[in-house]
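Next come the chains, spelled out residue by residue.
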Amino acid sequence: MEKENKQFQRALDYRYSAERICACCKKQLFGRIDKRYCDYTCKNQFHSVMRAYRREVNKEVNASLDRNYQVMMEVMGPEEKGVFNRTELQRKGFDFSSCTSYKRNAFGIMNYVYNYYWFARTNNKIELRLDPKAQPLPEMVLRRWMADLRARGII
Ligand SMILES: [Zn+2]
């Protein structure tokens, strides 16, 4: 909160400062009071830097969520639910602190990773489920899973 206020104050100071400079190249600005860049080149440059910054900030979290999703798909295959050992999932790189959202119900907290969710049945038993509202998986994924199951003699 303190930090946010400081940032907000800095923005206000900048907004009303006598020295009006371009947010990108720092050259003095003339004209409209709400002008923030000298021209479209500086505006585009500014947004390009912001995009790169957001990408950098998102990268680590996205990689962790994607890894979790990969692990869930791998262990679940075509099943809509299953129970797995916490340690087994961790060994595959599952990070229990990364999720996209969570809901609380009678069984406890449902931790969503996109359209899969997991909850702890016991300390070491984790139940994974596919959200019933999930959109159907691409057909090629189903074909690949079926081939895997056939190869393992399960079907
Ligand atoms: Zn500029």
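Heads up: these notes are all about the structure in this document.

Calculation rules
- Residues numbered from 1 in each chain as written.
- Predicted model: local features only at pLDDT ≥ 70, side-chain atom pairs only at ≥ 80, totals over all residues.
- Helix = DSSP H or I, 4+ residues; strand = E, 2+ residues; numbered from the N terminus.
- Buried ≥ 20, exposed ≤ 12 C-beta atoms within 10 Å, placed from the backbone.
- Contact = placed C-beta atoms within 7 Å.
- Expected span 1.5 Å × (residues − 1).
- Pairing = 2+ DSSP bridges.
- Axes fitted to C-alpha atoms, helices over the stretch in contact; angles between N-to-C directions.

1. So, the overall build of the chain
Part 1 of the reasoning: Helix and strand counts for the chain come out as four helices and five strands.
Part 2 of the reasoning: The buried share of the chain, taken over its 155 residues, is 8%.
Part 3 of the reasoning: For the chain, contacts bridging at least 24 residues in sequence account for 40% of all contacts bridging at least 6.

2. A word on helix α4 (residues 139–151)
Part 1 of the reasoning: Under the 1.5 Å per step criterion, the end-to-end length of α4 is 18 Å for 13 residues, consistent within 8% with the ideal 18 Å.
Part 2 of the reasoning: Just beyond α4, the residue with positive phi is G153, at close to 70°.

3. As for the pairing of strand β5 (residues 125–130)
Part 1 of the reasoning: Alignment of strand β1 (residues 81–85) against β5, held across five bridges, turns out to be antiparallel. Within the sheet, the bridge partner assigned to V83 lies in β5 and is E127.
Part 2 of the reasoning: The loop that links strand β4 (residues 116–120) with its antiparallel partner β5 comprises four residues.

4. Points about the sheet that holds β4
Part 1 of the reasoning: Pairing within the open sheet is antiparallel, and its five strands lie in the order β1-β5-β4-β3-β2. The open sheet has two edge strands, β1 and β2 (101–105), and neither has a second partner. Mean inter-strand twist for the sheet, computed between neighbouring axes without regard to direction, equals 25°.
Part 2 of the reasoning: Where strand β3 (residues 108–113) and β4 come together, three bridges link them in antiparallel fashion.

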